[in-house]
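Here's the letter readout for the chains.
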Amino acid sequence: MTEVFVKVGFLALAALNGAIIFTIMDVKGASWMQRRPGPLHVGLRGFIFPLAEILKFVQKEDIIPTEVDRPVFKWAPAYVMVSCVALFAVVPMSPTLVVADLELGVFFALAISSLGTIGVLTAGWSSANKYSLMGGLRAAGQLIAYELPLILAVVGVVIQAETMSLVGIVEKQIEWGVPFVVGGQIVGFLIFMVAATAEMMRVPFDMPIGESELTMGFMTEYSGIRFLIFYISEYMNMFILCAIASTLFLGGYHVPLLPTEWVNFYGPVVLLTKTAILGFILVAVRWSQPRFREDQLQNLAWKILIPASLINILVTAIMKVGF
Amino acid sequence: MVNTLDPQNFNNFSEASVSVEIETEDMTLNIGPQHPSTHGVLRLVAKVDGEKVHDVKPVLGYMHRGYEKLAEVRSYPQITTLVNRIDWVAGFSNEIPFIAGAERLMEIEVPERAKHIRLILNEMARISSHFVFNGAYALEVGALTPIFYAMEDRERVLDLIESVTGGRFHPNFNRIGGVKPAAGSGPTTKKDIQDLPAGFYRDTKVAMQKVIEAADQFQNLIGGNEVFKKRTKNVGILSAETAEAFGVSGPILRASGVKSDLRTQMDYLPYDQFEYDIPIGENGDCYDRWDVRVKEMIESAKIVLQAIDSMPSGPLQAKVPKVIKVPKGRTYVRAENPKGEMGYYIVSDGGLGPYRLKVRTASFSNLSILPLLLEGALLPDLIAIMGSLDFVLGDVDR
Amino acid sequence: MEEFLSKIQENFIKTDVAFETINIKVESSKWIETHQKLKDEFDLKFFSWLSAIDWDNEVSTGEAPKETVSPSFEIITCLSNVSNNNLVTVSTTINKSEPKITSLVEIYAGANWHEREAYEMFGINFENHPNLEKLYLPDGYEGNPMLKSFELISREVKPWPGEVDVEGMPEESESDESVDG
């Protein structure tokens, strides 16, 4: 029993830390790209400002509008958060440093990531606000549409690795000597990253939030700690999807040429570095791109990404059988 | 089964539509007056069917300050302070046609130097207004960074305007018969008038060079962006005929392919002495409206650079009576504002103030096209179209 | 311009030119006809604005006209052509007791909002207007603010301080013809 608590505590802490690191990266990256100082005043040249941010939101009044569906409205942020944290359970930091090395790790991750959709949709629906409703519906449409290319992109990796366990996938890449992104899954990787960006609801796929259109989308009516949970979940989601992408495509906790016997020591560092590099790409994209339109987003998913990922699976399967 | 979507309005969406009609109910969506992208306090009441918008009703008046009524109880010099608050993004441009109208009725010949200074500041106001548009428009289609670059570049121009007039947004710099001595200048005795602050020419040249660079950068980074093109091309197409019937003017009219620029007709400012192009668009869509404005910034910077080089010397003020009384008569003076045709119809009865002052603002007529353009658009297009009209609520409501 | 002017003078009786603007005065019964003609035959497709003037001898705001006028509304439209210099204002006078005129929306769609503004500000009824509602003023607002009889309440409470400057000017300074800037 204690082990379960330790594991859950570790998960929550790790995910939270990841989210905080990504928040700093996003905000500092934004100020760097926008030629402005950015946060400066909270300790260490502004680098610990997320703590102040969290304290601020915790202090704020948690406003619940009168017309909302109270229980649903209150619990919606929890769904989103839980799905993010649970997702982290299967990500291996090293062969042994993994909360749950499931046989069907990939399957679990993709299933859990869909749970967030429910949270977003219920948040939009229960808010009794038309902007929230539209944001929630947009989010639902988007998350469902991009779940498919996400899964299909992973199928290529699964075929190549012949396992669904994330540790197994990394071990396979060590065995191959090169990560899958070099070893034939470059298309899959690109599709995965695009779909993951849409799953995170980041620019250019941030229509569910769409500040200039829907004020704040499904989060419009939230304030105080509940808003904070949404806010942090966004970055957690970003962190974890980047970690999964590094695990699946970039060789996870291992870098070629480093001795495998020391992997328990350098594993977490390597994984975090890879995650941070992917995160930085997402930050750069966010602060330099406009937003797609809802119909263009759906077109991209159904007309380009899904056929492309199907072709990717086909090619991978042929290669696998043929060679 | 009837396909309820009009394919002409949105090509992409209609491809994805299915021919099954679902029983849907229209939702009335209230946008504004407090909404991130309504430029102040515009309120739209729209019927939405999912993402599709129809039957948009703009609700105005949140910024109505009754300038036409106030003008009736003020004297002519007092009205100048009033009018540069109409379109606060380009405050200086609002003064020009009013002052020109009063001067025209009083038959005052303005000194050339004053005219040149007016022209330079007018073009600077245009540049700063287009910078605001550029940043804000990118923000509206979802790009968060350009506004910081636009604001930074605009700041240089505003600094120049401030160094001459003493005001960043509301210069109140024009006087009937000329311009006021500049803020940064020394003691204004009759013999020793320094009308422009020291270093103005040098700073202006640098700043205008930066404006041209910034406009190029905008064309590359925003205009060349695929997502931006996807969002704005073939969205909100406005034909030239409709635009004319609605009195839509300025960059929006030019984006629809009409080569009409009132600067060629403003005989009270020496625009005919300078060379500049009038950029026009082809399709009249949001992208063209954006593109025309960016190109206009470059042209304006060129005009300023030429005007700096050919600045005549001489007095700043014509001889005017101490008490300004405008002779009986009426005139309509129009000018090419950053937003379009701005004009004042002054009806004078020979008194200290006008008997009636009709303010014709560009944004008012430009905004009246909005319900037509938004018919059948998608909600994200609503924002893109609304932003491309580049209105200021003070200019609409007056 | 010359050609255009002579053509206008042939077609309309009361015209005059001031500051390169051609002013045409018509009867209110010929309002629609005139605009149709100007649009079709004179190619004035650009609808600039429409507004009204309240002519009255007794005023509550501003100065009264120096010469006695017959109380009436003057409605003015401004038309132009985007490709040349032609600028025409058309004006007509209507009775104050029965302020109504036919709407121009059929000819110039852009007249819509301008007429709504004139309707709420002056109380002029535009017949056949598709949607003659208030444009700026809130629901339940009484009165027509732009009428000369409508008082500016704030000026009643406190006179405009700027007025002192101008009105208090001694007579002789006016004879001192000019100043140097």
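So, here is what we can say about the structure in this document. Since the structure is predicted, the reported quantities are computational estimates derived from the model, not experimental observations.

Notes on the sheet that holds strand β4 (residues 72-80) of chain C
Residues and elements named next belong to chain C. Strand order in the open sheet formed by five strands is β1-β2-β5-β4-β3, and the pairing between neighbours is mixed. Lying at the two open borders of the sheet, with one neighbouring strand each, are β1 (14-18) and β3 (46-55). With direction set aside, neighbouring strand axes in the sheet form an average angle of 20°. One ladder, built from nine bridges, connects β3 with β4; its direction is antiparallel. Among the inter-strand pairings, aspartate 54 is bridged to a residue of β4, identified as phenylalanine 73.

Here we look at the interface of chain B and chain A
Residue-level contacts link 29 residues of chain B with 24 residues of chain A. Of all the elements in the fold, those that place two or more residues in the side of chain B that touches chain A are α1 (11-16), β1 (27-31), α5 (112-140), α6 (146-165), α8 (226-232) and α14 (379-388) of chain B. Each residue belonging to the side of chain B that touches chain A can be placed in one class, and the counts come to 17 nonpolar, six polar and six charged.

Points about the sheet that holds strand β8 (residues 356-360) of chain B
All names here are of chain B. Reading across from one edge, β6-β7-β8 is the order of the three strands in this open sheet, with antiparallel pairing throughout. The open sheet has two free edges, formed respectively by β6 (329-336) and β8, since each of these has just one partner strand. Neighbour-to-neighbour, the strand axes of this sheet turn through a mean angle of 10°, independent of strand direction. Of the strand pairs in this sheet, β6 and strand β7 (residues 341-348) are connected by eight bridges, and their pairing is antiparallel.

Overview of the nonpolar core
If you look at the biggest cluster of nonpolar residues, it comprises 243 residues, and the most contacted ones within it are A:Phe192, A:Ala195, A:Phe239, A:Ile240 and A:Ala245. Core analysis: the next-biggest nonpolar cluster, separate from the first, contains five residues, A:Tyr131, A:Leu133, A:Leu137 and A:Leu214 among them.

Some thoughts on the arrangement of the chains
Among the two pairs of chains in contact, the pair with the most contacts is chains B and C. The two units chain A and chain C never meet; even their closest C-alpha atoms stay 25 Å apart.

What about the packing of α5(B) against α14(B)?
All names here are of chain B. Look at α5 against α14: their axes get within 9 Å of each other, and the N-to-C directions meet at 175°. One element, α5, and the other, α14, form an angle in the roughly antiparallel class. Residue-level inspection shows Ala136, Tyr137 and Glu140 of α5 in contact with α14, the latter providing Ile383, Ala384, Gly387 and Ser388. Considered class by class, the residues forming the contact of α5 with α14 number four nonpolar, two polar and one charged.

Conventions used here
- Residues numbered from 1 in each chain as written.
- Chains lettered and ligands numbered in written order.
- Predicted model: local features only at pLDDT ≥ 70, side-chain atom pairs only at ≥ 80, totals over all residues.
- Pairing = 2+ DSSP bridges.
- Helix = DSSP H or I, 4+ residues; strand = E, 2+ residues; numbered from the N terminus.
- Axes fitted to C-alpha atoms, helices over the stretch in contact; angles between N-to-C directions.
- Contact = placed C-beta atoms within 7 Å.
- Nonpolar A, V, L, I, M, F, W, Y, C, P; charged D, E, K, R; others polar.
- Core = buried A, V, L, I, M, F, W, Y, C linked by C-beta atoms within 7 Å.
- Buried ≥ 20, exposed ≤ 12 C-beta atoms within 10 Å, placed from the backbone.
- Parallel < 35°, antiparallel > 145°, perpendicular 65-115°, else oblique.

In short, shape yes, function no, at least from these values alone.
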